[in-house]
Protein chains: 2
Amino acid sequence: MPADDRRYMAAAIALSGRGRGLSTPNPNVGCLIVQDGRVVGRGWTQKGGRPHAEAQALEQAMDRARGATAYVTLEPCFHLSPRGPRCADLMARAGVSRVVIALRDPDPRTDGQGAAWLRDRGVAVDMGLMAQEAAAAMAGFVLRQTRGRPHVTLKLGLSLDGRIALANGSSRWITGPEARAHAHMERARHDAILVGGGTLRADAPRLDVRLPGLADRSPRRLLLTRGDAPADWERIGSPEEIAALERVDHLLVEGGAETAAAFLRADLVDRLLLYRAPILVGSGLAGVGDIGLEDLADAHGRWRLRDSRMLGVDRLEVYEAIRSA
Amino acid sequence: MPADDRRYMAAAIALSGRGRGLSTPNPNVGCLIVQDGRVVGRGWTQKGGRPHAEAQALEQAMDRARGATAYVTLEPCFHLSPRGPRCADLMARAGVSRVVIALRDPDPRTDGQGAAWLRDRGVAVDMGLMAQEAAAAMAGFVLRQTRGRPHVTLKLGLSLDGRIALANGSSRWITGPEARAHAHMERARHDAILVGGGTLRADAPRLDVRLPGLADRSPRRLLLTRGDAPADWERIGSPEEIAALERVDHLLVEGGAETAAAFLRADLVDRLLLYRAPILVGSGLAGVGDIGLEDLADAHGRWRLRDSRMLGVDRLEVYEAIRSA
């Protein structure tokens, strides 16, 4: 039933979110196995990429997978790896009778072959359901495949008049505890966090995840600088160098203004995360430096509001970049 | 019935909005007359303050006012004026059997005497229903009575990163046509608009209402400057001088950054009207100059979100100042 299919796929997409920021070098896939209207297996790609979501879900389902329908956010892999089994094969062996796939795997080692393998073994396959939503949930993986670089989120914590700090650099606090907790949760959904040299010197940020139970989700720390990076930090010299970072599919840029501007000038920001506090600061530090804009007309049509909600007295707004293909 | 009372009073408050920006020197009162569940009269204070809302509604109701209930946002006036009748007396003569009043008139020439006059003539009077909402709708009148100055709205048209213009001063356009039309409608709801000398020189704003049918609602133009004002402009030398302006209950401050800061420093902004476009500008002009903030903690708890809605791709946010008493 199409309505049920959407409901189960939405659940699989939600499961995929649990592996975001953890699953590299593999995509953060989600999988749900349903037998006679009962969920018998749930899985998401685990830390470091194994087990895959399908393997985990099948292990949970055991022999209840026979005759069941599997919902998976990405086409089950078909490429041989020393690190684990081929999921397309696993599913066929487990006797799954139908596989609903959101996104065809753009990796040339699979790219339709997983689905073909299943069909050849008499498994019904539907591909394309909620592909857009699944692509958004695995945005880093998709950008790696299509543009050869990680997905980049720029975070700004702003006053109503667009300030991120007083003129003396003080930024504690613009936003309230709910917004700060949300920002920490966002850190856990990213493989790495980046700041600029100025922010490191001014704020000495720890960039860790200070939420109960999530301390071990603190991502890698990157520094955009012409100079050297301190111990425990990795250095890049320009925004473009993020393409060469290994095992970084989702990157969070936390500032400051010059770093934000450098990524925007390079058109390397895919998502804006704005935490806006109901305060006025007046003269102070701006969130974004010179992005080379010479005509206001060029600024329009580049950002689409995807989410907006209150976090305590602050408002979170999420924008995504509008790009032609 | 209390539920109906609230519904009718809300309608009277909505009617009062029609006179906002027009009714000075009188408050922009709204009045609804209801006979057996049917609205038989509607009124709002007309341009220049006469006729009063009650007189207009009674004239519309004619003899259907007998035995009816009148909903009025402010206590009917009792003071004698050469410009028109006393509304409390008008109502009693018309045979209204019940008067529901939102706000007691703080003007010492009435201040309870209108209600007493009605009760003495056998009219049932309920006072205080939706007083807060009515006070907000007649904010300028209330502030005139309580603080001896007009109600001040500060308008800002901002990018997501808090810019009101490019570094070269270009601000056409930050916001889209829907937001700009809304801003023109807001002009019509104010008695006067104010800008600073820098904005006048840079933008030569007309500050008129460019909406079909509302051109004659263009408010008076004020200039905050140490120098002289051009023809058709009135001059004030400091924000505090707004108290002396005659026939200005609602003042709209449209910028620029130094003017906004001057009013904020003087704690003379009651309402923020933020039109936010989904664009990033980077280095450019900020909306608010130095407001003398030295500690971020002092910035919190001063603004409460009252309204938020989309206007095309832009978002309008309305904040009101939180003041202790």
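Keep in mind that this is a model prediction, so the values were computed, not measured.

A. Here's a closer look at the relation of the copies chain B and chain A. Structural alignment of chain B on chain A gives an RMSD of 0.1 Å, achieved by rotating through 180 degrees and translating 0.1 Å along the axis. The operation mapping one copy onto its partner corresponds to a two-fold rotation axis. Among all residues of chain B, the minimum C-alpha distance to the rotation axis is found for G162(B), at 1.9 Å. The overlap is high: 100% of the interface residues of chain B also sit at the interface in chain A, so the same surface is used on both sides.

B. Broad picture of the nonpolar core. M9(A), I33(A), Y71(A), V99(A) and L118(A) are the most contacted members of the largest nonpolar core, which has 45 residues in total. Those residues within four positions of M9(A) in sequence are excluded, and the remaining contacts are Y71(A), V72(A), T73(A), V100(A), I101(A), A102(A), L129(A) and M130(A). One finds Y8(B), M9(B), L58(B) and A61(B) within the second-largest nonpolar core, a separate group that totals 44 residues.

C. Looking closely at the packing of aromatic side chains. The tally for this structure, following the rule as stated, stands at four aromatic pairs over all chains. Measuring from ring centre to ring centre gives 5.2 Å for F78(A) and W117(A), while their planes differ by 50 degrees; the resulting arrangement is tilted. Of this pair, F78(A) sits in the loop between β3 (69–74) and α3 (87–94) while W117(A) sits in helix α4 (residues 113–120), and the two are 39 residues apart along the sequence. Comparing F78(A) with W117(A), the two get one shared label, buried. When the ring of Y8(B) is compared with that of Y71(B), the centres are 5.2 Å apart and the planes differ by 40 degrees; the resulting orientation is tilted. Taken as a pair, Y8(B) in helix α1 (residues 2–16) and Y71(B) in strand β3 (residues 69–74) lie far apart in primary sequence, 63 residues in all. For Y8(B), a relative accessible area of 11% corresponds to the buried category. For Y71(B), a relative accessible area of 3% puts it in the buried group. Here the basic side chain of R86(A) rests over the ring of W117(A), its NZ or CZ set 5.4 Å away from the ring centre. For the cation-ring pair, R18(B) lies above W44(B), with the distance from its terminal atom to the ring centre recorded as 4.7 Å.

D. Quick look at the interface of chain B and chain A. Between chain B and chain A, the residue contacts involve 39 residues of the former and 39 residues of the latter. Of the roughly 3200 Å² buried at the junction of chain B and chain A (both faces included), carbon and sulfur atoms supply 63%. Area buried by chain B at its contact with chain A is led by L160(B), L280(B) and L296(B), which between them contribute 21% of it. Linking chain B to chain A there are four salt bridges. For the salt bridge of E317(B) with R276(A), the shortest nitrogen-to-oxygen distance reads 2.9 Å.

Criteria and cut-off values
Residues numbered from 1 in each chain as written. Chains lettered and ligands numbered in written order. Predicted model: local features only at pLDDT ≥ 70, side-chain atom pairs only at ≥ 80, totals over all residues. Heavy atoms only, no water. Least-squares fit on C-alpha atoms with pLDDT ≥ 70 in both. Contact = heavy atoms within 4.5 Å. Core = buried A, V, L, I, M, F, W, Y, C linked by side-chain atoms within 4.5 Å. Buried < 20%, exposed > 50% of the residue type's maximum accessible area, 1.4 Å probe, protein only. Phe/Tyr/Trp six-rings, centres within 6.5 Å; stacked < 30°, edge-to-face > 60°. Helix = DSSP H or I, 4+ residues; strand = E, 2+ residues; numbered from the N terminus. Lys NZ or Arg CZ within 6 Å of the ring centre and 35° of its normal. Buried area = accessible area lost by both parts, 1.4 Å probe. Salt bridge = Lys/Arg side-chain N within 4 Å of Asp/Glu carboxyl O.

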